[in-house]
Amino acid sequence: MKKYFSIFTLLVILSVISCQTRVVSQQKPMQKNSLELYQKYTFQTNDGKLTKMEVLKQDDTQIYGKTKNGEDIVIAKADVREARKLDVFSSIVVGLAAVAAVIFVPI
């Protein structure tokens, strides 16, 4: 029983960690409405640096935000390689749908 509990705990932790939705990427360039204000995103810039911040404001060329530590950050939109948004609810729904499909669909 202890073995199953540890496996279940590991699966839950991995699923929560992987609950990020890719909003901006090389195939999906940044649009005016790509980012929502006051939402937390993880940005990867062209030099490979990862920045986690809450988007406070954006204009035509820059994104303004604040990190968890309270530090103000400004990122140029042209430097953003990828932006990911934490989306736990959608990931849980997809996971539950997959488990339901395995249980209820006869083989």
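For the structure given in this document, a descriptive report is provided here. Residues take numbers from 1 onward in each chain, read along the sequence in its written order. Reporting in this predicted model follows two pLDDT cut-offs: at least 70 for local features of residues, and 80 or more for side-chain atom pairs to be given and counted; totals over whole chains, interfaces and linings ignore these cut-offs and use all residues. Calculated side-chain values reflect all of the structure's heavy atoms, with hydrogen atoms and water omitted.

1. A word on the overall build of the chain
A count of helical and extended segments in the chain gives two helices and six strands. Segments assigned H or I by DSSP are reported as helices when at least four residues long, segments assigned E as strands when at least two residues long, and all are numbered from the N terminus. Element order for the chain, N to C, with α for helix and β for strand: α-β-β-β-β-β-β-α. The proportion of buried residues among the 107 residues of the chain is 21%. Any pair of residues with heavy atoms lying within 4.5 Å of one another is described as a contacting pair. Contacts in the chain between residues far apart in sequence, at least 24 positions, make up 41% of those at least 6 positions apart. Only protein chains enter the calculation, and the probe is 1.4 Å; a residue is then buried if its accessible area is under 20% of its type maximum, exposed if over 50%, and partly exposed in between.

2. Things to note about the layout of surface pockets
Its boundaries defined by the atoms lining it, the largest pocket holds a volume of some 360 Å³. Points on a 1 Å grid over protein atoms alone make up a cavity when a 1.4 Å probe fits among them but cannot get out, and a pocket when they form an open set with protein on both sides within 12 Å along at least five of seven lines; lining residues each have an atom within 4 Å of a point. Taken together, 13 residues form the lining of the largest pocket, with Lys40, Tyr41, Thr42, Lys52 and Met53 sitting closest to its centre. Residue assignment for the lining of the largest pocket shows that the elements contributing at least two residues are β2 (40-45), β3 (50-58) and β6 (80-86). Tallied by class, the residues present in the lining of the largest pocket amount to four nonpolar, three polar and six charged. Grid points are joined across faces, edges and corners, and a volume is the space filled by probe spheres set on the points. Following the grouping adopted for this structure description, the nonpolar residues are Ala, Val, Leu, Ile, Met, Phe, Trp, Tyr, Cys and Pro, the charged ones are Asp, Glu, Lys and Arg, and the polar ones are all others, Gly among them.

3. So, the environment of methionine 53
Relative to the helices and strands, methionine 53 resides in strand β3. Judged by its relative accessible area of 3%, methionine 53 falls in the buried class. Along the sequence, methionine 53 and aspartate 72 sit 19 residues apart, while their C-alpha atoms lie 8.9 Å from each other. What methionine 53 contacts, discounting residues up to four positions off in sequence, is Gln39, Lys40, Tyr41, Phe43, Ile63, Tyr64, Gly65, Lys66, Thr67, Ile73 and Ile75.

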